[in-house]
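One letter stands for each residue in the lines below.
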Amino acid sequence: MEMLLHSYKITRTLPCLADPEKIRVIAEISDEIHEAFPYLNATLKGCIYNHPALTLTIKKDGKLFTLHAHHITLAKIEDEKEAEEILGWLRDFINETYGKRDQIEPNYSKGENLRALDIFRLLPGTSCKKCGELTCLAFAVRLVGQEIEVAKCIPLFSETFREKRKVLVELLHAAGFNVT
Ligand code: SF4
C-alpha cells in the first residue's frame with residue numbers, strides 16, 4: 001500500500017479545555033499529509049476543512065481530531081493509550097484513503113459549520129456582559145453567525161484564558177473564519 005504517513009510521535013499532553021476530565025494531545029508526524037485532506041473530507045461526514053490554511057478537523061464519537069500539514073491535535077481524549085489507538089487509526093485511514101484517491105472525488109468545501117455550543121464551551125462562561133451580550137451563549141450564537149468578532153470577549157484575551165483562547169482561535173481558523 002502507498003504510504004503517505006509513516007509514523008507519528010506524541011510530543012505534548014495537556015488538559016482538555018473543552019472537557020476538564022479529558023486530555024488534549026499533540027503529535028508530530030513524519031510526513032506532510034495535506035494532499036489527503038480533500039479525499040478524507042469527501043469520505044468522512046462532519047469534517048471542517050480549511051483548504052487555504054491546510055487543516056482538516058474530524059469530529060468522531062464526540063472527539064475532535066485536527067490534522068495539520070505537520071502535526072495532529074486530538075481533543076477530548078481519555079488517556080495516552082486512547083490517543084495512540086486514535087493516531088494508529090488515523091494513520092491507517094489517511095494511508096488507505098490516499099491510496100484510493102483515484103476512485104474518490106475530492107471535496108474542497110468547508111463542510112459542516114461550527115456549532116455555537118462548540119464555541120460556548122471555550123468561552124470564559126461568566127456571562128459578564130463586557131461583549132455587549134447578556135450571556136456567553138448569546139455571544140457564541142452571534143460569533144458562529146459571524147455577527148460579532150471574537151476579540152469583543154475581552155476576558156478571553158486575559159492570561160487566565162490563554163489556553164481556551166488558543167483552542168477557540170484554532171477552531172475558528174479551521175472553520176475558515178477570519179480571525180484577526
Ligand atoms: S465578554 Fe466573554 S465572558 Fe463576558 S459575556 Fe461576553 S462572551 Fe461571556
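For the structure itself, consult the block above.
Values in this document were obtained by computation on a predicted structure and should not be read as measured data.

Caption draft 1: Representation of the overall build of the chain in the model. Per the secondary structure count, the chain includes five helices and six strands. Listing the helices and strands of the chain from first to last along the sequence gives β-β-α-β-β-β-β-α-α-α-α. At 17 Å, the chain has a C-alpha radius of gyration in line with the 16 Å of a compact globule built from 180 residues. Taken along the three principal axes of its C-alpha coordinates, the chain extends 55 × 35 × 25 Å. Intrachain contacts of the chain at a sequence separation of at least 6 include 57% that bridge at least 24 residues. A distance of 7 Å separates the average location of the 24 positive side-chain charges in the chain from that of its 26 negative side-chain charges.

Caption draft 2: Focus on the sheet that holds strand β1 (residues 8-15). Strand order across the open sheet formed by six strands is β1-β2-β6-β5-β4-β3, with antiparallel pairing between neighbours. Since the sheet does not close on itself, it has two edges, and those belong to β1 and β3 (48-50), each with one partner. If you compare each strand with its neighbour and ignore which way they point, the axes differ by 15 degrees on average. Of the strands in this sheet, β1, β2 (23-29), β4 (55-60), β5 (63-67) and β6 (71-77) touch helix α2 (residues 80-99), which is tilted by about 135 degrees from β6.

Caption draft 3: Focus on the pairing of β5. Here β5 lies mainly inside the structure; five of its five residues are buried. Burial along β5 is two-sided: K63, F65 and L67 and L64 and T66, pointing in opposite directions, are all buried. Pairing analysis gives five bridges linking β4 to β5, with the strands arranged antiparallel. Paired with K59 across the two strands is L64, which belongs to β5. Linking β4 back to β5 in an antiparallel pair, the connection comprises two residues, with D61 at a positive phi of about 50 degrees. Note: β5 against β6, four bridges, orientation antiparallel. Considered in β6, the bridge of L67 is made with I72. Counting the residues in the hairpin turn of β5 and β6 gives three residues.

Caption draft 4: Here's a closer look at the pattern of salt bridges. For the structure on display, the rule yields twelve salt bridges. Residue K22 pairs with E78 through a salt bridge whose shortest N-O separation is 3.7 Å. Note that K22 is positioned in the loop between β1 and β2 and E78 in the loop between β6 and α2, a separation of 56 residues in sequence. Relative accessible area serves as the criterion here: at 45%, E78 is assigned to the partly exposed category. Linking R162 and E159 is a salt bridge whose minimum nitrogen-to-oxygen distance equals 3.1 Å. Accessibility expressed as a relative area gives 36% for R162, which makes it partly exposed. Under the relative-accessibility criterion, E159 is labelled exposed at 60%. Linked through salt bridges whose partners overlap, the residues forming this network are E159, R162, E163 and K166.

Each value, and the rule that gives it
Residues numbered from 1 in each chain as written. Predicted model: local features only at pLDDT ≥ 70, side-chain atom pairs only at ≥ 80, totals over all residues. Heavy atoms only, no water. Helix = DSSP H or I, 4+ residues; strand = E, 2+ residues; numbered from the N terminus. Rg over C-alpha atoms; globule rule 2.2 N^0.38 Å. Contact = heavy atoms within 4.5 Å. Lys, Arg positive; Asp, Glu negative; His and termini not counted. Charge placed at Lys NZ, Arg CZ, Asp CG, Glu CD. Pairing = 2+ DSSP bridges. Axes fitted to C-alpha atoms, helices over the stretch in contact; angles between N-to-C directions. Buried < 20%, exposed > 50% of the residue type's maximum accessible area, 1.4 Å probe, protein only. Salt bridge = Lys/Arg side-chain N within 4 Å of Asp/Glu carboxyl O.

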